[in-house]
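What follows is each chain in one-letter form.
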Amino acid sequence: MDFKIGQFSFEGPVSGLVLLLFILFGFAITMKFDSDLKSKHNKIWKNLGSPTIFWNNSIQNGVARFWFVVKGEYKLLKDKSLSILGDVLRYSYLIYLLLFIYFSVYSIPN
């Protein structure tokens, strides 16, 4: 299946549908993580800049959330459900990075 964004065409083992579903999954996990952090650990959520996926989304609070997740700081809260969401989000960041590298390498026109 071809997946095209502008002049780039992505072919190979990663189809456009799989990529789209993964992006939607990432949005859903991020929204749930933000929601749980807000409801269960409001002070931490505010310290991160009160991040949300759409309404209060800025580079500053997006980067703060990203490093909070990448460093595993959510685990210090001893909240099992938030830790599971954080782990899933952390691995999705890694997958996003790998997909970025894949598409960067394999979408370069010959």
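Keep in mind it's a predicted model, so treat the numbers as computed, not measured.

Caption draft 1: Spotlight on the overall build of the protein chain. Scanning the protein chain from N- to C-terminus turns up 4 helices and 2 strands. Each helix and strand of the protein chain, placed in order from N terminus to C terminus, yields the pattern β-β-α-α-α-α. By residue count, 35% of the 110 residues in the protein chain fall in the buried class. Counting only contacts in the protein chain whose residues sit at least 6 apart along the sequence, the fraction spanning at least 24 positions is 48%. Counting every atom, the protein chain has about 7,500 Å² of accessible surface; 68% of that belongs to carbon and sulfur.

Caption draft 2: How the structure looks around the confidence of the model for the protein chain. Here the protein chain averages 84 in pLDDT, and 82% of its residues register 70 or above. Helix 2 (residues 42–47) holds the highest mean pLDDT among the elements of the protein chain, 94, whereas strand 1 (residues 3–5) holds the lowest, 53.

Caption draft 3: Structural view of the packing of aromatic side chains. Evaluated as defined, the whole model comprises 8 aromatic pairs. With a centroid separation of 6.2 Å and 90° between ring planes, the pair formed by Phe33 and Tyr74 is classed as edge-to-face. Within this pair, whereas Phe33 is found in helix 1 (residues 16–40), its partner Tyr74 is found in the loop between helix 3 (59–70) and helix 4 (80–106), the two being separated by 41 residues in sequence. For Tyr74, a relative accessible area of 0% translates into the label buried.

Caption draft 4: Local environment of the side chain of Ser92. Among the structural elements, Ser92 can be located in helix 4. Residue classification places Ser92 among the buried residues on the basis of a relative accessible area of 3%.

Caption draft 5: Geometry of the environment of Gln60. With respect to the element layout, Gln60 can be found in helix 3. Put simply, Gln60 and Leu48 are 12 residues apart on the chain and 8.6 Å apart in space, counted from C-alpha to C-alpha.

Parameters at a glance
Residues numbered from 1 in each chain as written. Predicted model: local features only at pLDDT ≥ 70, side-chain atom pairs only at ≥ 80, totals over all residues. Heavy atoms only, no water. Helix = DSSP H or I, 4+ residues; strand = E, 2+ residues; numbered from the N terminus. Buried < 20%, exposed > 50% of the residue type's maximum accessible area, 1.4 Å probe, protein only. Contact = heavy atoms within 4.5 Å. Areas by Shrake-Rupley, 256 points an atom, 1.4 Å probe, with all protein chains shown as cover. pLDDT = per-residue confidence, 0-100. Phe/Tyr/Trp six-rings, centres within 6.5 Å; stacked < 30°, edge-to-face > 60°.

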